[in-house]
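# Report on the structure
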Amino acid sequence: MADVEKLTQKVEEFPTLPTIYTALSEVMANPRSTIQDAVNIISQDQASASKILKAANSSVYGIRVNIDTITQAIFYIGFDEVKNLVLALSVIDIFNRDAKNQVLNPVGLWKHSIAVGVITRTLGKSLSIRHLENYFIAGILHDIGKLFFYRFMPEEYKKVIEYSQENSVSLREAEKTIIGITDTIAGELLAQKWRLPRNIINAISYHYSGLVDGKVDSLTSCVHLAEIISTMLELGDSGYDMILQPNAKLWDELKFDKNVFTNNLDQIITDYNESISLLLNI
Amino acid sequence: MAELVKTKDIKSGMVLAKPLLNRYNQTLLKAGTHIEKSHINLLKTWNIMAITVKENNEDEAPELNEEILSIAREKLAARLNWEPRNEMEEDLIEMGVMNYAKNMLGKGSE
């Protein structure tokens, strides 16, 4: 049985985010910084730089001009998006080191997470949300608690998954029963350690209900819906197969267009395939 | 499904799959426009390197017929234990049905 203290300890020992991300965050927090400062930081990390260019040129952002430089990438897709891409790549890298030797292979869960990222972003776009930068990344990171469990408690988590399937209960219920702690707690601790923005932490903590403090929050609610949709479309593997019903409160507050789901199906599939190829090298 | 075609590879007769937007999000050409050589100058002016066109067999693609849809509906129902309460939830379920149906026709995702 895990307990919060042991968990906190393990989170403490977990790697910090790479310097490229913290350096970028500092640059962006400093009003005197210029695009060139950001470009310089990114250019020092060849792997990140080439991925950012690939991402900027992919269908996900829908930019139709050829993007050849990091400066252009920042210009066309925005500072925050670039920073979030670096964050996504960094987190995936941290968790995927040694993936083949792990008892529970995280690739299926990453694919699911990326699908949730893509769909969260698509839903945000359809709601004409102004500041979309965090939508993609919040979706990608919503299950980092589970990824943490996969890494540090694979035998126990295997039992959680089995229990959930055999008893037809949600993973959350199974977690409470078998290990006494939910993945959202682990995810929150990790997100706090990494000093991620509050709205991403909320998405991690509250995507199950979709409500923050009992109220509909656009970002968290979109992640909640995206989770349901990605399970329904069988994109990746979240460890749970049943399609849950969305929280009823959402429909009153989020003004989606009629047929928003059927209309975006093709785009979601396309963006999903591009994103997993980009982020997971598949 | 649609495919991305580089401007230099454009042939007359290709049909735009999505509206063509410039960098200010203004519509230059509507979806469904039949591309002609004369459009190429427009693309060059806006420095557009590639456009999305419908694949050749898209218009003759088999319709998702009732039989396939009904199998898809059953498949989805096996994983659902709730009834839709409103139009949005109906559309959501329909999305799942369409996804299964398209996969069965070999047009889907993984």
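Preceding this paragraph is the structure being described.
First, a word on what this report is: a plain description of the structure on this page. Note that the structure is a prediction, hence the values are computed from the model and not measured. (Residues numbered from 1 in each chain as written. Chains lettered and ligands numbered in written order. Predicted model: local features only at pLDDT ≥ 70, side-chain atom pairs only at ≥ 80, totals over all residues. Heavy atoms only, no water.)

## Regarding the interface of chain B and chain A
Accessible area lost upon the coming together of the parts is a frequently used measure of interface size. Put simply, the rule reads: Contact between two residues is taken to exist if any of their heavy atoms lie within 4.5 Å; hydrogens are not considered. Throughout, buried area stands for the accessible area (probe radius 1.4 Å) lost by two parts on being put together, summed over both. One speaks of a salt bridge when a side-chain nitrogen belonging to Lys or Arg is within 4 Å of a carboxyl oxygen belonging to Asp or Glu. In protein, a polar contact requires one atom able to donate a hydrogen and another able to accept it; more generally it is a pair of N or O atoms within 3.5 Å, and residues adjacent in sequence count only if both atoms are side-chain atoms. Any residue outside Ala, Val, Leu, Ile, Met, Phe, Trp, Tyr, Cys, Pro, Asp, Glu, Lys and Arg is labelled polar, Gly included; the first ten of those are nonpolar and the last four are charged.
Each side of the interface is counted separately: chain B has 35 residues, and chain A has 35 residues. Note on chain B versus chain A: buried area summed over both sides is about 3,100 Å², and carbon and sulfur give 57% of it. Inspection of the region where chain B meets chain A yields 3 salt bridges. Ionic pairing is found between R79 of chain B and D241 of chain A, a salt bridge with its closest N-O pair at 3.6 Å. Counting the contacts that link chain B with chain A gives 17 residue pairs in polar contact (both at pLDDT 80 or more). A class-by-class count of the residues in the side of chain B that touches chain A yields 17 nonpolar, 7 polar and 11 charged.

## Comments concerning the packing of aromatic side chains
Residue and element names in this part refer to chain A. Inclusion rule: A pair of Phe, Tyr and Trp rings is counted when the ring centres sit within 6.5 Å of each other, with Trp represented by its six-membered ring. The angle between the planes then sorts it: under 30 degrees is stacked, over 60 is edge-to-face, the rest tilted. Think of it this way: any DSSP run of H or I at least four residues long counts as a helix, any run of E at least two long counts as a strand, and we number them from the N terminus. Type-normalised accessible area, obtained with a 1.4 Å probe on protein chains alone, sets the label of each residue: buried when under 20%, exposed when over 50%, and partly exposed for intermediate values.
Per the counting criterion, the structure on display carries 12 aromatic pairs over all chains. Arranged with centres 6.0 Å apart and planes meeting at 65°, the rings of F95 and W110 form a pair that is edge-to-face. Of this pair, F95 sits in helix α6 (residues 79–96) while W110 is found in helix α7 (residues 107–126), placing the two residues 15 residues apart along the sequence. Take F95 and W110: they sit in the same class, and that class is buried. Between W251 and F261, the ring centres sit 6.1 Å apart and the planes meet at 80°, which makes this aromatic pair edge-to-face. Taken together, the residues W251 in helix α15 (residues 249–253) and F261 in helix α16 (residues 260–280) connect sequence positions 10 residues apart. Overall, F261 belongs to the buried group, its relative accessible area being 1%.

## Looking at the nonpolar core
Most often, soluble globular proteins have nonpolar side chains that are buried together. Cut-off, in case you're wondering: We define a nonpolar core as any set of buried Ala, Val, Leu, Ile, Met, Phe, Trp, Tyr and Cys residues linked to one another through side-chain atoms lying within 4.5 Å.
Formed by 112 residues in total, the largest nonpolar core has its most connected members in F95, W194 and F261 of chain A. The contacts of F261 of chain A, once residues within four sequence positions are left out, are L123, L225, I229 and W251 of chain A together with M88, D91, L92 and M95 of chain B. Among the nonpolar cores identified, the runner-up in size contains 11 residues, and V5, L20, I35 and V53 of chain B belong to it.

Purely geometric stuff here, so don't read any function into it on its own.
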